[in-house]
Amino acid sequence: MNSTLIFQSLISGVMMGSVYALLGVGFSLTWGVMKVINVAHAAFGLLAAFFAYTVFHRYGIDPVVSLVLSVPFLFFLGCALYRFLLIRITSARAVIVSSMILTFGVAIILENLALLLWGADPRLFTTSYTSKVIIVGPFYFQYPPVIGFVMSVVGISSIYLFLKRTYVGKAVRAAWQQPEASQLCGINLGRISAITFGLAVASAGAGGVGMGLLYSFEPHSHNLWLIYLFLVVIVGGVGNVLGTAMAGLIIGVITGLSMAFLPYQWVNLLTFGLLMVILVVKPQGLFQSEV
Amino acid sequence: MLEIKEISVSYQRHCALADVSMTVEQGDFVALIGSNGAGKSTLINSVSGLTKISKGSILFQGETISGLSPDLIASLGLIQVPEGRKLFPLMSVEENLEIGAYLPDPRKMYARNLGKMFEMFPRLKERRKQSAGSLSGGEQQMLAIARALMAQPILLMLDEPSLGLAPIVTQEIFKILRELNDEGLTILLVSQEVLQSLKISRRGYLLENGSVNLTGASGDLLKDVRVKESYLGL
Amino acid sequence: MRRALLRKNASTLLLFGLSLFLVATAGPLFASQPIVIGGSLPLTGEFAETGKLIEKGMKFWAEEINAKGGLLGRPVEFKIYDDESNVGKAVTYAEKAITVDKVDLLFGGYPGTAARAVMPVAEKHKFVYVSMGGHMKSFEQGYTFSFGAPPLMGEWWYEGFFQWMETIPADQRPKKAAVYTMNNPVGSSLTGSIQKWTKQLGIEVVIDEKYNLPLPDATPLIMKAKQLNCDMLFANGFFGDGVMMIRAAKALDYNPKAILQGIGSVVPAWIKELGKDGDYVFSGTSLFNKLNFPGNDKLNAYARKEFNIDGYPLYFGFGYAWMQALAQGVEGAKSLDQTKIRDWLKTNKIETIAGPMTFDEKGLPAPINFCTQIINGQVELVWPLNVRTAEPVYPKPAWK
């Protein structure tokens, strides 16, 4: 086993993991702070990927650039979804369960919408930079994963900074740490919930385009992506933004290392085995829930 | 300033408040006393909009506020320091104060008010970067009060601010409340510390089993036989 | 009053019974009595797109045969259930079609997993079942009523490629092969022939690894193949992982003499989505719209008219071909007696759009050896010579 292969595997793994984290961060947020497990999260990401695909083929606009349109759109869609749909279950006794059932329905609608609009064929982003590489010594950095990695760093840090530095972001954290007291401080819980959900859905858009840079996608792909979401969130700690990022890196490193050292068919087994070990040993995730 | 007119609150079948009336005047310092479960917190939460009333009305500066959402009531300057402090535990002291000044008007005055708070509570200044959850009980209570003050209250309502605190800390907090009232802030204090609250307040209400059984100047209440026997253990 | 009613009822009953008798005995005399062909297809769910294509292929066949006066002089009609891409439901519906609906014939199922599960049902009720099958194993269970006409056999997938490779002078053949195979029954079905043929052709298999789907990343796989100087790459996977392999190969400038890709490269998306990068990949198939056997041009014309595409979709062709085989069995046996149909098919040659076929005791034709290569964004047939549409491009040109 040579060091070039190990290092190359690590790089690839980390970039891949970072994109999972970007897709997962909003999922973690709604789960952690609102107790809403949005199983349609990946489907929103998929929607953004399809949108990017269409915009690219129709107008030649780069998939990443398409986010300028899709992210705000998804934000408002998320807000509206909260206002008209999710708000009805937030008073339910078991929000987690009822939210899963409700958003499962949303996922099915989105999936069928994608089938209707784009058909069942698999899609790929094939841009001018798709097979370009940056060569550093013996290592190859493929453009799409590098772009995905940069998107992830930018996306997750913006969410982190939003929550830590802005007034509204702080209000989001306050509202979920202590809902009653936050209302007494003048925070409108309904509005903050809508913003939180909108933000999460918007971030799914960025994550979806990131996934599209790495993988082919079709209307059912979100089911698969959802598995990665659970993986990232459970390793990273529910509701923990930086934990999600760390989880992405950890999963990337593990995947990378096992790709280099183990027979390839073990990679998924190992990753999900790890998930089970974490669930048993540290049910709250490797990092504490924090918002 | 605050008029509570014959309000009733029931939880399921149980009647928590029955036809309670009460007023707080501008510059007043009213103590609401009574034993555990008498309905004091229910009353204060009804004013803040956290608890829905089934009958009666609440007026603040002449406007009906019963039925408004808690954040709207807060925006009118009616600020509560909740029981058990209910700080944002994972946020720093400073962030807690920032959230206190969340509403548009207080937000404009944030820097000035923050300075005032640090002057009033020097220990909070020392611990400004620490998370609220890591503070001691007394410090937490001070932070809770400071957070409420950041909102520039017109009427400050406190629910059991001395609960679980050492006597010396309780005294300190009550002293601060006295000073705030002397500076002109209207205060409604809910407390089981009957003696101390009556000592620092101007007027008092005694709440028993969901209704007001006694009211008057605090000094008079201190002398009342019923209060003496049931609450002061004399 | 009651008695009168009873008498009236009795006479009605008698009349009804008589008419039933007439219909039952004289059925074949009435040309309008249709032959019902039943079964299920995945019209919704995971395999819906393909399932619908098969349905269209079958209906095209029915249209055509009805226009010619039907099967055994009777019109045909379908009773198609939607199994929602669920194997269990496919089995239930096959059972229902035979026992409840009492259909005259059973049509072929899809996908392979469903076909494999329906085979024992067909055998139990002694119904001829023409389908793609579920690779070699499904035909090795001693079923006598199941036919693959044409089947979709992983075991034969690279047969044509290797037969062609055998014609290449030994010193120009690849020396070392990297074999990456998805860890599932489809992937596994491909590996046997690779082992056999590489040994025979003197190609050393340097890497032989399996991976589970979904493939997280292909870069390390390609890097390894590059480092070990493998000049032949087997990417035995579906579309998603196949695409990742190709892209990683291009990015790492790994350019083996030949790239073989299992299933992914035969779907239209390969060319459409990958563009130039998808070129020169070899694969196999058991049916293709560029085949020169009678009927293909007719299907292509229909596809151009109805779907506005050049070349009929693969599964449209499958739906048509399976019905072609079944119909020849019926006409050969001149009966709807399932055992007679089976026996006729086992002993006679049929003509299909996938070529002429005779069946062995397993219900399989001789190994199908079509080899495809993508050249200039077109799927071309490069082997065997009698169906060749283009010269194979070998060794693979450098990446552009």
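Remember, predicted model here, so these are calculated numbers, not experimental data.

Some words on the overall build of chain C
Here comes step 1: Helix and strand counts for chain C stand at 13 helices and 14 strands.
Here comes step 2: For the C-alpha atoms alone, the extent of chain C along its principal axes is close to 100 × 40 × 40 Å.
Here comes step 3: Expressed as a percentage of the 400 residues in chain C, the buried residues total 56%.
Here comes step 4: Considering only contacts in chain C between residues 6 or more positions apart, those separated by 24 or more positions represent 69%.
Here comes step 5: Split by element, the accessible area of chain C, about 16700 Å² in all, is 58% carbon and sulfur.
Here comes step 6: Considering chain C, the positive charge centre built from 43 side chains and the negative charge centre built from 39 side chains are found 5 Å apart.

What to know about the overall build of chain B
Here comes step 1: The helix and strand inventory of chain B stands at eleven helices and ten strands.
Here comes step 2: Rg of the C-alpha trace for chain B: 17 Å, near the compact-globule value of 17 Å for 234 residues, within the 12% margin.
Here comes step 3: Along the three orthogonal principal directions, the C-alpha set of chain B runs to about 45 × 40 × 35 Å.
Here comes step 4: Going through the 234 residues of chain B one by one, you find that 54% of them count as buried.
Here comes step 5: Summarising the internal contacts of chain B: among those between residues at least 6 apart in sequence, 66% fall at separations of at least 24.
Here comes step 6: In the structure as shown, chain B presents an accessible area of about 10000 Å², 50% of it carried by carbon and sulfur atoms.
Here comes step 7: Here chain B carries 25 positive and 26 negative side-chain charges, and the mean point of each set is 2 Å from the other.

With respect to the interface of chain A and chain B
How big an interface is tends to be stated in terms of the accessible area lost upon association of its parts.
Here comes step 1: Taken together, the contact pairs 22 residues of chain A with 24 residues of chain B.
Here comes step 2: Between chain A and chain B lies a buried interface of about 2100 Å² when both sides are counted; carbon and sulfur atoms form 63% of it.
Here comes step 3: Counting the surface chain A buries against chain B, the share from its top three residues, Y167, L184 and C185 of chain A, is 36%.
Here comes step 4: The tally of links from chain A across to chain B stands at three salt bridges.
Here comes step 5: A salt bridge links K170 of chain A to E98 of chain B, with the nearest nitrogen and oxygen atoms 2.6 Å apart.
Here comes step 6: For the pair chain A and chain B, the number of links is five residue pairs in polar contact (both at pLDDT 80 or more).

Here's the deal with the packing of helix α2 (residues 41–59) of chain A against helix α9 (residues 221–236) of chain A
The description of two helices packed together rests on the angle between their axes and the distance between the axes.
Residue and element names in this part refer to chain A.
Here comes step 1: Axis separation between α2 and α9 bottoms out at 8 Å; the angle between their running directions is 125°. Here α2 is positioned oblique relative to α9, judged by the angle of their axes. Considering only the axes of α2 and α9, their crossing is right-handed. On α9, the residues that touch H41, A42, A43, G45 and L46 of α2 are S221, H222, W225, L226 and L229.
Here comes step 2: A per-class count over the contact of α2 with α9 returns six nonpolar, four polar and no charged.

Things to note about the interface of chain C and chain A
Here comes step 1: Facing 35 residues of chain C, the contacting portion of chain A comprises 36 residues.
Here comes step 2: Regarding the contact of chain C and chain A, the summed buried area is about 3000 Å², with carbon and sulfur atoms giving 57% of it.
Here comes step 3: Contact with chain A buries surface across chain C, with P216, R247 and E273 of chain C losing the most and accounting together for 21% of the total.
Here comes step 4: Viewed at the interface, chain A and chain C are joined by zero salt bridges.
Here comes step 5: The element best represented in the side of chain C that touches chain A is helix α9 (residues 239–251) of chain C, accounting for eight residues.

Regarding the sheet that holds strand β1 (residues 2–11) of chain B
Here comes step 1: With respect to topology, four strands assemble into an open sheet ordered β2-β1-β4-β5 (chain B), the strand pairing being antiparallel. The two strands at the open ends of the sheet, each matched to only one other strand, are β2 (14–24) and β5 (63–64) of chain B.

Some points on the domain arrangement of chain C
Residues and elements named next belong to chain C.
Here comes step 1: Segmenting chain C into domains produces domain 1 (35–152 + 292–357) and domain 2 (156–285 + 370–387).
Here comes step 2: Measuring from the centre of the C-alpha atoms in domain 1 to the corresponding centre in domain 2 gives 30 Å.
Here comes step 3: Residue-level contacts link eight residues of domain 1 with eight residues of domain 2.
Here comes step 4: Of the roughly 630 Å² buried between domain 1 and domain 2 on both sides combined, carbon and sulfur atoms contribute 71%.
Here comes step 5: Our count for the domain 1 to domain 2 interface comes out at zero salt bridges.
Here comes step 6: On the surface where domain 1 and domain 2 come into contact, there are two residue pairs in polar contact (both at pLDDT 80 or more).

With respect to the pattern of salt bridges
Note that side chains of opposite charge can pair when their charged atoms are close.
All names here are of chain B.
Here comes step 1: Counted under the stated rule, the structure contains 27 salt bridges over all chains.
Here comes step 2: R203 is the salt-bridge partner of D28, the closest N and O atoms lying 3.1 Å from each other. In this pair, D28 is assigned in the loop between β2 and β3 (29–33) and R203 in strand β9 (residues 203–208), connecting sequence segments 175 residues apart.
Here comes step 3: Overlapping salt bridges bring together E94, R128 and K129 as one network.

What to know about helix α11 (residues 267–281) of chain A
All names here are of chain A.
Here comes step 1: Here α11 spans 21 Å end to end across 15 residues, near enough to the 21 Å set by a 1.5 Å rise per residue.
Here comes step 2: Those residues of α11 lying buried are V267, N268, T271, L275 and I278. Mapping the buried residues of α11 onto a view down its axis gives an arc of 110°, with all of them on the same face. Within α11, the exposed residues directed more than 90 degrees away from the buried face are L269, M276, V277, V280 and V281.
Here comes step 3: Its buried side turned inward, α11 meets α9 and α10 (241–261).

Some remarks on the nonpolar core
Here comes step 1: L177 of chain B together with W61 and F161 of chain C are the most contacted members of the largest nonpolar core, which totals 263 residues.
Here comes step 2: In terms of residue count, the dominant contributor to this core is helix α1 (residues 3–34) of chain A (13 residues).
Here comes step 3: For L177 of chain B, the contacting residues outside a window of four places in its chain are F29, L158, I187, L189 and I200 of chain B.

Overview of unusual backbone geometry
Residue and element names in this part refer to chain C.
Here comes step 1: Across the junction of L213 and P214, the peptide omega takes the value -5°, indicating a cis bond.
Here comes step 2: Positionally, P214 belongs in the loop between β7 (204–211) and α8 (219–227).
Here comes step 3: Cis peptide bonds are those with omega within 30 degrees of zero, and the linkage from Y394 to P395 qualifies with -10°.
Here comes step 4: Its place among the elements puts P395 in the segment after β14 (378–383).
Here comes step 5: Despite not being glycine, L72 shows a phi value in the positive range, around 50°.
Here comes step 6: Along the chain, the position of L72 falls in the loop between α2 (48–67) and β2 (76–82).

Regarding the packing of α2 of chain A against helix α4 (residues 95–118) of chain A
Residue and element names in this part refer to chain A.
Here comes step 1: At their nearest, the axes of α2 and α4 sit 9 Å apart, and the two run at 15° to each other. Taken together, the axes of α2 and α4 are roughly parallel relative to one another. Both α2 and α4 take part in a crossing whose hand is left-handed. Contacts from A43, F44, L47, F50, F51 and T54 in α2 reach V106, A107, L110, L113, A114 and W118 in α4.

Observations regarding the sheet that holds strand β8 (residues 186–191) of chain B
The pairing of strands in a sheet happens through backbone hydrogen bonds and is either parallel or antiparallel.
Residue and element names in this part refer to chain B.
Here comes step 1: Reading across the sheet, the six strands line up as β6-β7-β8-β3-β9-β10 and stay open at both edges, with mixed pairing between neighbours. Only two strands of the sheet have a single partner each, and these edge strands are β6 (78–81) and β10 (211–217). Adjacent strand axes in the sheet meet at a mean angle of 15°, parallel and antiparallel pairs treated alike.
Here comes step 2: Across six bridges, β9 lies against β10 in antiparallel orientation.

Points about the packing of aromatic side chains
Here comes step 1: This model, assessed by the stated rule, comprises 35 aromatic pairs over all chains.
Here comes step 2: With a centroid separation of 5.4 Å and 85° between ring planes, the pair formed by F307 of chain C and F316 of chain C is classed as edge-to-face.
Here comes step 3: One aromatic cluster is present, built from ring pairs that chain together Y158, F161, F162, W164, W197, F234, F282 and Y394 of chain C.
Here comes step 4: One residue, R107 of chain B, lies across the ring of Y102 of chain B, its end atom 5.0 Å from the ring centre.
Here comes step 5: The ring of W399 of chain C has K396 of chain C sitting right over it, with the charged end atom 3.6 Å from the ring centre.

Each value, and the rule that gives it
Residues numbered from 1 in each chain as written. Chains lettered and ligands numbered in written order. Predicted model: local features only at pLDDT ≥ 70, side-chain atom pairs only at ≥ 80, totals over all residues. Heavy atoms only, no water. Helix = DSSP H or I, 4+ residues; strand = E, 2+ residues; numbered from the N terminus. Buried < 20%, exposed > 50% of the residue type's maximum accessible area, 1.4 Å probe, protein only. Contact = heavy atoms within 4.5 Å. Areas by Shrake-Rupley, 256 points an atom, 1.4 Å probe, with all protein chains shown as cover. Lys, Arg positive; Asp, Glu negative; His and termini not counted. Charge placed at Lys NZ, Arg CZ, Asp CG, Glu CD. Rg over C-alpha atoms; globule rule 2.2 N^0.38 Å. Buried area = accessible area lost by both parts, 1.4 Å probe. Salt bridge = Lys/Arg side-chain N within 4 Å of Asp/Glu carboxyl O. Polar contact = N/O pair within 3.5 Å; in protein donor to acceptor, adjacent residues only side chain to side chain. Axes fitted to C-alpha atoms, helices over the stretch in contact; angles between N-to-C directions. Parallel < 35°, antiparallel > 145°, perpendicular 65-115°, else oblique. Left-handed = near helix turned anticlockwise from the far one by under 90°. Nonpolar A, V, L, I, M, F, W, Y, C, P; charged D, E, K, R; others polar. Pairing = 2+ DSSP bridges. Domains from an automatic or database assignment. Expected span 1.5 Å × (residues − 1). Arc of directions from axis to C-beta. Core = buried A, V, L, I, M, F, W, Y, C linked by side-chain atoms within 4.5 Å. Phe/Tyr/Trp six-rings, centres within 6.5 Å; stacked < 30°, edge-to-face > 60°. Lys NZ or Arg CZ within 6 Å of the ring centre and 35° of its normal.

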